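Architecture and fold: a report
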2 protein chains.
Amino acid sequence: MTPLKSRLPGSGRRPPRGRPRNEDIDRAVVAAVLEVLRTRGYRAVTMVGIARKAKRARASIYRRWPSKPYLVADCLVSTMGARPAPDTGDLRSDLLAAVGTFQRALSGPLRQALPGLVADMAHDPKLAQAVRRQVLVPRRQSMRAALERARARGEARGGADIELLLDLLAAPFYFRTLFGHARVDRRLTRGVVELALKIVR
Amino acid sequence: MTPLKSRLPGSGRRPPRGRPRNEDIDRAVVAAVLEVLRTRGYRAVTMVGIARKAKRARASIYRRWPSKPYLVADCLVSTMGARPAPDTGDLRSDLLAAVGTFQRALSGPLRQALPGLVADMAHDPKLAQAVRRQVLVPRRQSMRAALERARARGEARGGADIELLLDLLAAPFYFRTLFGHARVDRRLTRGVVELALKIVR
DNA sequence: TCCTTTACGAGACAGTCTGTCTCGTATAGG
DNA sequence: CCTATACGAGACAGACTGTCTCGTAAAGGA
């Protein structure tokens, strides 16, 4: 389980030795990354550039994150937060809420970062797994939970390939974001949910 | 309409002037790119490296392709070819054939190249459009045609959002390829087609 | 045959980024 | 006071990009 952020040296229990880290640096760096991401895209995020913009030493960044993709991924996670999936008692509402988080997430910094991050993931399995665990999995969980509740209520049939259904619910959002051939908006959210309901009922 | 490959100087009708290009170079470069792509991934494809491997001058590559992503995209297109969509008279068979091309395409060099290419597309709208036109659109066309034939036969209902349906059929393949969280195999092909049939009938 | 045009190989060049390292200095606990 | 770590500054080697300049090669046209 590789973390996005490097652990402190006193890497376990024991109170840390030596001079403590300055958390202002963490905040300044994350802010700089999000700013550059927003205005000039993933490619423009470089370790040198971020250090300059945050007015910090490059070594201080490398001390915290092993490389640019980990840094960016960590920044994204810090902006997303784990939205709890509401249980409304109705499958359509639950799915609309859960799928809506895709649409919203992909309207923020994730949108700018995703293509580059995906490319880096292809070259670093540890990064890929970390990103999947922190970005993909939490959002899948809320949809999976909604489907299971619906099945328990008798609102949805069983026997469907749940993993495939989860892919079907999420994939169009990533697909459109990465290829840019169509909009990612509330209309897509509604459309995807209606099709999922048609399948599962 | 930006082409992937740079046009020759005698860029129109008129027979070309001067020394003709050596097509051995085109072939050697494309072969080198596909080889590096296969063995070491998109990142390892560099203009310097390809020139070295193909034993040609860097300038000769830049004369033909404006930059690495265009070169790679052109190499991919050259390996894919436009598979004609068969008309079997049956929607399920037609879709299985059409969707099967996704699965096969994403088992070849496209699989290695896609993540990096997607990242470059995010920074170059012209490249993005060229890739969409040459990679995405042809495969969508055959699915669209199959759906329209089925509707004409009364095998499928109308009124559905065709573009969304096309995204639904293709997206899981790209999604799984880019995030690597699940396999892209014939089982996925069958599953996606069955769900599409459930929706459209 | 000569002239013009383009192709080719070789390499120079400036600019940028990465990741590591080494200073001198600062700040915590024991 | 000692030790451990953080910080800023910068050096460093290595790699890649994209453009440019040579000298040379190979076409067609006059």
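Quick look at the packing of aromatic side chains
Each aromatic ring pair is characterised by the separation of its centres together with the angle its planes make. Per the counting criterion, the structure on display carries 10 aromatic pairs over all chains. Ring centres of Tyr 174 of chain A and Phe 175 of chain B lie 5.0 Å apart, and the angle between their planes is 15°; this geometry places the pair in the stacked category. With Tyr 174 of chain A in helix H8 (residues 162-179) and Phe 175 of chain B in helix H8 (residues 162-179), this pair bridges two chains. Side by side, Tyr 174 of chain A and Phe 175 of chain B carry an identical accessibility label, which is buried. Summarising the aromatic geometry, the rings of Phe 102 of chain B and Phe 173 of chain B are spaced 5.9 Å apart at their centres and angled 20° between planes, so their arrangement reads as stacked. Placement of the pair is Phe 102 of chain B in helix H5 (residues 91-105) and Phe 173 of chain B in helix H8, with a sequence separation of 71 residues. Among the aromatic residues, those joined into a ring-pair cluster are Phe 102, Phe 173 and Tyr 174 of chain A together with Phe 175 and Phe 179 of chain B. Here Lys 68 of chain A stacks its cationic end above the ring of Tyr 42 of chain A, 4.2 Å away from the centre of that ring.

Section: empty space enclosed by the protein
On inspection of all chains with the given rule, the structure shows one cavity of 30 Å³ or more. The calculated volume of the largest cavity comes to roughly 40 Å³. Surrounding the largest cavity, Leu 168 of chain A together with Leu 165, Leu 168, Leu 169, Val 192, Leu 195, Ala 196 and Ile 199 of chain B form its lining. Every element with two or more residues in the lining of the largest cavity is listed here: H8 and helix H9 (186-200) of chain B. Here the lining of the largest cavity gets four residues from one element, more than from any other, and that element is H9 of chain B.

A look at the pattern of salt bridges
All names here are of chain B. If you walk through the whole model with that rule in mind, you get 30 salt bridges over all chains. Note that Arg 201 is salt-bridged to Glu 155, the shortest N-O span being 3.9 Å. Of the two residues, Arg 201 sits in the segment after H9 while Glu 155 sits in the loop between helix H7 (125-153) and H8, which places them 46 residues apart along the sequence. Exposure remark for Arg 201: the relative accessible area of 43% places this residue in the partly exposed category.

Some points on unusual backbone geometry
With the exception of glycine, most residues fall at negative phi, and the peptide bonds are largely trans. At Lys 55 of chain A, a position not held by glycine, the phi torsion is positive, near 55°. One can find Lys 55 of chain A in the loop between helix H2 (47-54) and helix H3 (58-64).

Focus: the protein's contact with DNA strand D
In the vicinity of DNA strand D, 23 residues are found, and the nearest of them are Arg 19, Asn 22, Arg 56 and Arg 64 of chain A together with Arg 58 of chain B. Contact distances for DNA strand D include 3.2 Å between a phosphate oxygen and a side-chain N or O atom of Arg 63 of chain A. Put simply, the parts of the chain that give the surface near DNA strand D at least two residues each are H3 of chain A together with helix H2 (47-54) and helix H3 (58-64) of chain B. The element best represented in the surface near DNA strand D is H3 of chain A, accounting for four residues. Split by residue class, the surface near DNA strand D holds eight nonpolar, five polar and 10 charged.

Brief notes about the nonpolar core
By size, the foremost hydrophobic cluster in this structure holds 136 residues, and its most contacted members are Val 29, Leu 91, Tyr 174 and Phe 179 of chain A together with Val 29, Tyr 174 and Phe 179 of chain B. Ignoring any residue separated from it by four or fewer positions in sequence, one finds Tyr 174 of chain B in contact with Phe 175 and Phe 179 of chain A together with Phe 102, Leu 106, Leu 114, Val 135 and Leu 136 of chain B.

A short note on the relation of the copies chain A and chain B
Superposing chain A onto chain B takes a rotation of 180° plus a shift of 0.0 Å along the axis, which leaves an RMSD of 0.0 Å. Taken together, these values place the two copies in the relation of a two-fold axis. When C-alpha distances to the rotation axis are compared across chain A, the minimum falls at Ala 171 of chain A, with a value of 2.6 Å. Both copies contact each other with a shared surface, as 100% of the interface residues of chain A are interface residues in chain B too.

So, the interface of chain A and chain B
Contacts between the two partners involve 39 residues from chain A and, on the opposite side, 39 residues from chain B. Summed over both sides, the interface between chain A and chain B buries roughly 3400 Å², with carbon and sulfur atoms accounting for 72% of that surface. Inspection of the chain A/chain B interface yields six salt bridges. Asp 120 of chain A is the partner of Arg 43 of chain B in a salt bridge, and the nearest nitrogen-oxygen pair spans 2.6 Å. For the side of chain A that touches chain B, the elements supplying multiple residues, two or more each, are helix H6 (109-121), helix H7 (125-153), H8 and helix H9 (186-200) of chain A. Sorting elements by how many residues they give to the side of chain A that touches chain B places H8 of chain A first, with 12 residues. Considering only residue class, the side of chain A that touches chain B consists of 21 nonpolar, six polar and 12 charged.

What counts as what
- Each chain has its residues counted from 1, following the order in which its sequence is written.
- Chains and ligands are labelled by the order in which they are written, letters from A for the one and numbers from 1 for the other.
- Selection of residues for local features in this predicted model requires a pLDDT of at least 70, selection of side-chain atom pairs for listing and counting requires 80 or more, and totals for whole chains, interfaces and linings are taken over all residues.
- Think of the side-chain values as coming from all heavy atoms in the structure, minus any hydrogens and water.
- Classification of ring pairs rests on two measures: the distance between centres of Phe, Tyr or Trp rings, Trp counted by its six-membered ring, which must be within 6.5 Å, and the angle between planes, read as stacked under 30 degrees, edge-to-face over 60 and tilted in between.
- Helix and strand labels come from DSSP, where a helix needs a run of H or I of at least four residues and a strand needs a run of E of at least two; each type is numbered from the N terminus.
- For every residue, the accessible area (1.4 Å probe, protein chains only) is compared with the maximum for its type, and the residue is labelled buried under 20%, exposed over 50%, or partly exposed between those bounds.
- Each ring is checked for a lysine NZ or an arginine CZ that lies within 6 Å of its centre and within 35 degrees of its normal; such an atom marks a charge sitting over the ring.
- Cavity: a set of points on a 1 Å grid over the protein atoms alone where a 1.4 Å probe fits but cannot get out. Pocket: an open set with protein on both sides within 12 Å along at least five of seven lines, its lining residues, like those of a cavity, having an atom within 4 Å of a point.
- Grid points are joined across faces, edges and corners, and a volume is the space filled by probe spheres set on the points.
- For this analysis, a salt bridge means a side-chain nitrogen from Lys or Arg found within 4 Å of a carboxyl oxygen belonging to Asp or Glu.
- Throughout, the term near means that a residue has one or more heavy atoms lying within 4 Å of the molecule or strand in question.
- In protein, a polar contact means a hydrogen-donor-capable atom and an acceptor-capable atom, both N or O and within 3.5 Å, with residues adjacent in sequence counting only if both atoms are side-chain atoms; elsewhere, any N or O pair within 3.5 Å suffices.
- Three residue categories are used. Nonpolar comprises Ala, Val, Leu, Ile, Met, Phe, Trp, Tyr, Cys and Pro, charged comprises Asp, Glu, Lys and Arg, and polar comprises the others, including Gly.
- By nonpolar core is meant a set of buried Ala, Val, Leu, Ile, Met, Phe, Trp, Tyr and Cys residues that side-chain atoms within 4.5 Å join together.
- What makes two residues a contact is simply this: any of their non-hydrogen atoms within 4.5 Å.
- Superposition of the copies was done by least squares, using only C-alpha atoms of residues whose pLDDT is at least 70 in both.
- Note on definitions: buried area is the accessible-area loss of two parts on being combined, 1.4 Å probe, summed for both.

Note that all results are geometric; they support no functional claim without further evidence.
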